Amino acid sequence: MSMSLIQALPKAELHLHIEGTLTPSRMMALAKKHNISLPYVTLEDIQAAYQFDDLQSFLNLYYQGADVLREEEDFFQLMWDYLLVCKEENIVHTEIMFDPQTHTNRGVGFDVFMPGFLSAIRKAKREWGQSTKLIMSFLRDLTEAQAFDTLDASMPYLADIEAVGLDSAEKANPPEKFRKVFAKAKSLGLKRVAHAGEEGPAEYIWGAINELNVARIDHGVRATEDNVLLRFLREHQIPLTVCPLSNIKLNVFDKMDQHNILSLLNDGLCVTVNSDDPSYFGGYLNQNYKELQHHLDATDDQIVQLIKNSFLASFLAPDEKEYWL
Ligand code: ES4
Ligand code: ZN
């Protein structure tokens, strides 16, 4: 299938951190606006700095980058930049994660970022019918008490939040640490997702399923280490939101031709393709699909199945899914 067909097919994206869409040029412009001195002079300096050893070395730059986001209009611009990419790439539906604590920890509150996000989302809906949902992610290297504070602070915006998630440093921060706050989120009518089995073991995927009651697993590629888990994921069709370029940049796999996404797909799991933090990992959604063709010889049928899965695994209502399938 040519790039133009990947481009042309309507797709859903289910694993995307809005803070990870901050482009180098937007970062420079916002730093200038707020008189923040960055450790970079040129756009090329920024690109050159984006060489990561692992998840933590990426997170350090990701949190540093987010510091240029200070005012409501900054968050509007951040969201708007990404929604324009959705229009460009035919991402007709997107489920966008945001990390409140990345902002509240430096004194930027829900009353700053939420109105910015929501006005961009509403404008894109009005202008070209863009479909979006928001997923509020807790930082798992912080405490469960801090996650509870975040859930409390989100109350005025609950109607605009579809689900809660769990991200940041996975190792030594198992899902069960957040069992109570996920139970509270469930009681409030929020759906649940969690990063698991990216850098952490397959055991954390079981934890996300059994302790957090998640509808999907973000990443989940280490499921291949546990055959009982693989069978469970297949039987229950619990989706994995896989992020190929992310996994290469963070050394989850050495090279793209070693990625296990197509073996998971061929095994009958509901796997999807996603861009995670496209500004840091070197490609938006269509580029992630293209990598699978180039390095894994993905067939047209496999690409089509991955795209169908993106809608099946989404939080769209059954009739909305049906429209795109
Ligand atoms: C993330 Cl790739 C990844 N993993 C865990 N947490 C994250 N936050 C943003 N990107
Ligand atoms: Zn992620």
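The structure presented is a predicted model; accordingly, all values stated were derived computationally and were not measured. (Residues numbered from 1 in each chain as written. Chains lettered and ligands numbered in written order. Predicted model: local features only at pLDDT ≥ 70, side-chain atom pairs only at ≥ 80, totals over all residues.)

K.L.:
When you look at the overall build of the chain in this model, what are you seeing that I'm missing?
P.N.:
On a plain count of helices and strands, the chain comes out with 17 helices and 8 strands. Taking 20 Å as the expected radius of gyration for a compact globule of 325 residues, we find that the chain reaches 18 Å, a close match to that expectation. Across its three principal axes, the chain shows a C-alpha extent of roughly 50 × 45 × 40 Å. Per-residue burial over the chain gives 47% buried out of 325 residues. Partitioning the contacts of the chain with sequence separation of at least 6, the portion at a separation of at least 24 is 76%. (Helix = DSSP H or I, 4+ residues; strand = E, 2+ residues; numbered from the N terminus. Rg over C-alpha atoms; globule rule 2.2 N^0.38 Å. Buried ≥ 20, exposed ≤ 12 C-beta atoms within 10 Å, placed from the backbone. Contact = placed C-beta atoms within 7 Å.)

K.L.:
Just to check I follow, could you spell out the UniProt feature "binding site: Zn(2+)" (unreviewed entry) in the chain for this structure?
P.N.:
The sites that carry the UniProt feature "binding site: Zn(2+)" (unreviewed entry) are, in the present numbering, His15, His17, His195 and Asp276. For this annotated set, covering 262 residues, all C-alpha atoms fall within 11.8 Å of each other, a compact arrangement in space. Relative to the assigned elements, His17 resides in strand E1 (residues 11–17). The buried category is assigned to His17, around which 26 C-beta atoms lie within 10 Å. (UniProt positions renumbered as here; feature names shortened; annotations may be inferred.)

K.L.:
I would appreciate a short explanation of helix H10 (residues 202–212) in the present structure.
P.N.:
Every α-helical turn comprises 3.6 residues, leaving residues that sit three or four positions apart pointing alike. Looking at H10, one finds that the buried residues are Ala202, Tyr204, Ile205, Gly207, Ala208, Ile209 and Leu212. Buried positions along H10 lie against helix H9 (179–187), strand E5 (191–196), strand E6 (216–219) and helix H11 (227–235). Where H10 ends, the next residue or the one after it, Asn213, has phi of about 60 degrees, a positive value.

K.L.:
When you look at the UniProt feature "binding site: substrate" (unreviewed entry) in the chain in this model, what are you seeing that I'm missing?
P.N.:
This chain's UniProt record puts "binding site: substrate" (unreviewed entry) on Asp277. Among all residues touching Asp277, those that are not within four sequence positions of it are His17, Gly20, Tyr62 and Ser246.

K.L.:
Just to check I follow, could you spell out the packing of helix H5 (residues 72–89) against helix H7 (residues 110–128) for this structure?
P.N.:
Packed helix pairs are characterised by how far apart their axes lie and by the angle those axes make with each other. The interhelical angle for the contact between H5 and H7, taken along N-to-C directions, is 35 degrees, at an axis separation of 7 Å. In this structure, H5 crosses over H7, and the sense of that crossing is right-handed. For the pair H5 and H7, contact is made by Glu72, Glu73, Asp74, Phe75, Phe76, Met79, Trp80, Leu83 and Lys87 and by Val112, Phe113, Pro115, Gly116, Phe117, Ser119, Ala120, Ile121, Ala124 and Trp128, respectively. (Axes fitted to C-alpha atoms, helices over the stretch in contact; angles between N-to-C directions. Left-handed = near helix turned anticlockwise from the far one by under 90°.)

K.L.:
What is the right way to read the pairing of E1 from this model?
P.N.:
Sheet faces and side chains relate simply in a regular strand, where the side chains alternate between the two faces. Counted residue by residue, E1 has 7 buried out of 7 residues, so it is predominantly covered. Direction of pairing for E1 relative to strand E2 (residues 91–98): parallel, over a ladder of 5 bridges. Directly across from Leu16, in E2, lies its bridge partner Ile96. (Pairing = 2+ DSSP bridges.)

K.L.:
In this structure, what is going on with the environment of Lys186? I would like to understand it.
P.N.:
Locating Lys186 in the fold gives a position in helix H9. The exposure class of Lys186 is partly exposed, given the 14 C-beta atoms found within 10 Å. Remark: the alpha-carbon pair of Lys186 and Ala163, spanning 23 residues in sequence, is separated by 8.8 Å. The contacts of Lys186, once residues within four sequence positions are left out, are Arg192 and Asn213.

K.L.:
What's the story with the sheet that holds strand E7 (residues 240–242) in this structure? I'm lost.
P.N.:
What holds strands together in a sheet is hydrogen bonding between their backbones, with the strands either parallel or antiparallel. Strand order across the open sheet formed by 8 strands is E1-E2-E3-E4-E5-E6-E7-E8, with parallel pairing between neighbours. Among the strands making up the open sheet, the edge pair consists of E1 and strand E8 (271–273). Within this sheet the neighbouring strands show an average axis-to-axis angle of 25 degrees, counted without direction. Packing against the sheet, H9 makes contact with strand E3 (131–139), strand E4 (163–167) and E5, and its axis sits at approximately 150 degrees to E5.

K.L.:
Just to check I follow, could you spell out the nonpolar core for this structure?
P.N.:
The tendency in soluble globular proteins is for nonpolar side chains to be buried side by side. By size, the foremost hydrophobic cluster in this structure holds 90 residues, and its most contacted members are Met79, Ile205, Ala208 and Val271. Once residues lying within four places of it in the same chain are set aside, the contact partners of Met79 are Ile18, Gly116, Phe117, Ala120 and Ile121. (Core = buried A, V, L, I, M, F, W, Y, C linked by C-beta atoms within 7 Å.)

K.L.:
What is the right way to look at the packing of helix H8 (residues 144–153) against H9 in this model?
P.N.:
For the pair H8 and H9, the least separation of the axes is 9 Å and the interaxial angle reads 20 degrees. Taken together, the axes of H8 and H9 are roughly parallel relative to one another. The chirality of how H8 crosses H9 is right-handed. Contacts from Glu144, Ala147, Phe148 and Leu151 in H8 reach Lys180, Val181, Lys184 and Ala185 in H9. Here the contact of H8 with H9 is composed, by residue class, of 5 nonpolar, no polar and 3 charged. (Parallel < 35°, antiparallel > 145°, perpendicular 65-115°, else oblique. Nonpolar A, V, L, I, M, F, W, Y, C, P; charged D, E, K, R; others polar.)

K.L.:
Please explain H7 as it appears in this structure.
P.N.:
Given a rise of 1.5 Å per residue, 19 residues ought to cover 27 Å, and the 27 Å separating the end C-alpha atoms of H7 matches this to within 8%. Along H7, the residues that are buried comprise Phe113, Met114, Gly116, Phe117, Ala120, Ile121 and Ala124. Looking down the long axis of H7, one finds its buried residues gathered within 165 degrees of arc, a one-sided arrangement. Pointing more than 90 degrees away from the buried face of H7 are the exposed residues Asp111, Arg126 and Glu127. Downstream of H7 by one or two residues, Gly129 has phi in the positive range, about 75 degrees. (Expected span 1.5 Å × (residues − 1). Arc of directions from axis to C-beta.)

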